[in-house]
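An overview of the molecular structure
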Amino acid sequence: MSGISRELASKIAHFARFPQTGVSLRQMVEFGQNPSQGTLLRGAQFLHDELPIRLAHRVVELDSLPESLNQMPSVLRVKRMYIDSFNELIHFPKASERIREAVKEATVSGARDRHLPGSQHNPAFQESPRNSSSHWIPSIQHRYHYEVMPTELPVEVSEYNRSFVQTLEKIKRRHDPVVTALAQGIVEYKQRTKTQKIDNHVQHFLDRFYLSRIGIRMLIGQQIELNQHQQQKQRQQNDYVGVICTHTRVKEVVQEAIDNARFICGDYYMLMNVPEIELHCPRELEFMYVPSHLHHMVFELLKNSLRAVVELCGDEADHYPTIKVVVAEGNEDITIKVSDEGGGIPRSAMEQVWTYMYTTAQTPMLDPEFDKSDFKAPLAGFGYGLPLSRLYARYFGGDLKLISMEGYGTDAYLHLSRLSDNEEPLA
């Protein structure tokens with residue numbers, strides 16, 4: 001592992017031998033409801049243990065990529081981000097004995113016998129990652145959850161939590177440009193190797209890497225929001241536990257995605273007459289989810305449908321076929337179908353739409369210092385919209401599928417698990 005000290009490389013290799021611990025959406029909500037400073041400390045201790053393991057796994061995998069890829073400037077930049085964050089976390093001090101004892105005394109009697117709800121195997125797993133290591137780590141129920149009474153704790157507890165959150169915020173900002181930087185690295189790789197496609201090995205690596213990134217940002221974002229919520233109780237939102245909304249109003253989120261996608265389409269093509277999008281959704285439909293994830297996935301699907309319709313009919317057409325969005329409520333899933341009449345996709349190209357860098361738009365080159373997150377990045381032209389949306393769906397046990405009729409249009413089916421009990425698909 002070049003560019004770092006032997007001692008740091010050894011620590012990364014050591015942490016990468018430990019299995020990662022998956023957390024379900026329901027477990028995050030159960031843990032984060034009405035958090036006290038003591039409970040937040042438990043969360044900080046879990047992340048202090050867990051995040052270096054996850055970061056180390058990614059550093060080792062980046063280092064083991066084919067040399068023609070792992071030496072690309074943008075890939076090296078991403079690896080440096082992960083190494084810096086790993087180094088920062090392992091040198092962050094553990095909670096002092098005084099803090100640990102104070103929280104231990106405030107732990108509710110019998111709480112050690114009460115656990116978080118169990119989690120289910122995520123269908124996005126191809127195999128169980130826990131079988132890949134001989135190291136044993138206590139289960140999530142033991143590491144992540146003890147009920148701590150909201151009693152007066154030493155001021156050191158809140159100071160420790162605040163300091164840890166500041167470190168997490170710094171790491172989160174550092175990792176904002178990871179998606180686009182790695183995309184740029186793939187562009188550099190394709191130019192260096194003079195190839196138009198990436199092979200299955202790189203494709204599977206990107207799936208694992210971006211799924212891991214979703215998980216890391218989810219845990220960090222949740223811990224940051226829980227701390228801010230606890231410190232600003234006057235701004236409490238009863239429906240939110242961290243970044244998770246326990247009563248996500250599907251119709252509101254989808255309508256916002258429709259409005260945003262139509263605005264972007266009209267602006268990009270300079271249209272006076274933007275294609276209409278018709279929404280059919282039960283008005284009161286709610287479920288536990290992360291609204292920003294839902295918006296991101298629906299927005300990407302609508303953006304693709306709008307582009308297909310406009311480019312099929314032309315940007316000076318007097319009329320465009322209406323795009324239809326239908327939301328269905330099942331016992332296990334909520335399914336969102338987006339149907340367009342944009343000409344469809346040839347059967348020979350159906351597998352390629354899930355391939356990173358597959359796009360019919362011109363691929364942009366990014367400034368080396370570009371630092372926006374994946375929600376703000378100019379990903380049109382990188383071919384990341386559909387693959388990343390499928391990963392966001394799979395992260396909490398859902399999926400994204402396409403059925404297309406060449407010469408007519410495409411139906412996209414976004415399946416979202418409403419049980420909220422699938423563990424993260426970590427590998």
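Everything numeric here is computed off the predicted structure, so don't read it as measured data.

Description of the environment of Arg 98
Tracing the sequence through the fold places Arg 98 in helix α6 (residues 97-106). Those residues within four positions of Arg 98 in sequence are excluded, and the remaining contacts are Pro 154 and Glu 156.

Here we look at the sheet that holds strand β8 (residues 409-417)
Pairing within the open sheet is mixed, and its 5 strands lie in the order β3-β5-β6-β8-β7. What marks the edges here is a single partner per strand, and that holds for β3 (277-280) and β7 (399-405). With direction set aside, neighbouring strand axes in the sheet form an average angle of 15°. When strand β6 (residues 333-340) meets β8, the two strands line up antiparallel, connected through 8 bridges. Bridge pairing in β8 links Asp 333 to Ser 417. In the packing of helix α11 (residues 250-269) onto the sheet, contacts are made with β3, β5 (323-329) and β6, and the angle to β3 comes to roughly 175°. In the packing of helix α12 (residues 291-313) onto the sheet, contacts are made with β3, β5, β6, β7 and β8, and the angle to β6 comes to roughly 20°.

Some details on the environment of Leu 419
Within the secondary structure, Leu 419 sits in the segment after β8. When near neighbours in sequence (up to four residues on either side) are disregarded, Leu 419 contacts Arg 26, Asn 331 and Glu 332.

Quick notes on the pattern of salt bridges
Oppositely charged side chains may form a pair once their charged atoms are brought near each other. All told, the structure shown has 20 salt bridges when counted by the stated rule. For Arg 80, the salt bridge is made with Asp 84, and the minimal N-O distance between the two is 3.1 Å. Of this pair, Arg 80 and Asp 84 both sit in helix α5 (residues 73-90), 4 residues apart, which is roughly one turn of the helix. Among the residues examined, Arg 80 registers a relative accessible area of 35% and is labelled partly exposed. Connected through shared salt-bridge partners, Glu 50, Arg 54 and Glu 424 make up one network.

Quick notes on the rules
- Residues numbered from 1 in each chain as written.
- Predicted model: local features only at pLDDT ≥ 70, side-chain atom pairs only at ≥ 80, totals over all residues.
- Heavy atoms only, no water.
- Helix = DSSP H or I, 4+ residues; strand = E, 2+ residues; numbered from the N terminus.
- Contact = heavy atoms within 4.5 Å.
- Pairing = 2+ DSSP bridges.
- Axes fitted to C-alpha atoms, helices over the stretch in contact; angles between N-to-C directions.
- Salt bridge = Lys/Arg side-chain N within 4 Å of Asp/Glu carboxyl O.
- Buried < 20%, exposed > 50% of the residue type's maximum accessible area, 1.4 Å probe, protein only.

Without other data, these values stay purely geometric and don't point to any function.
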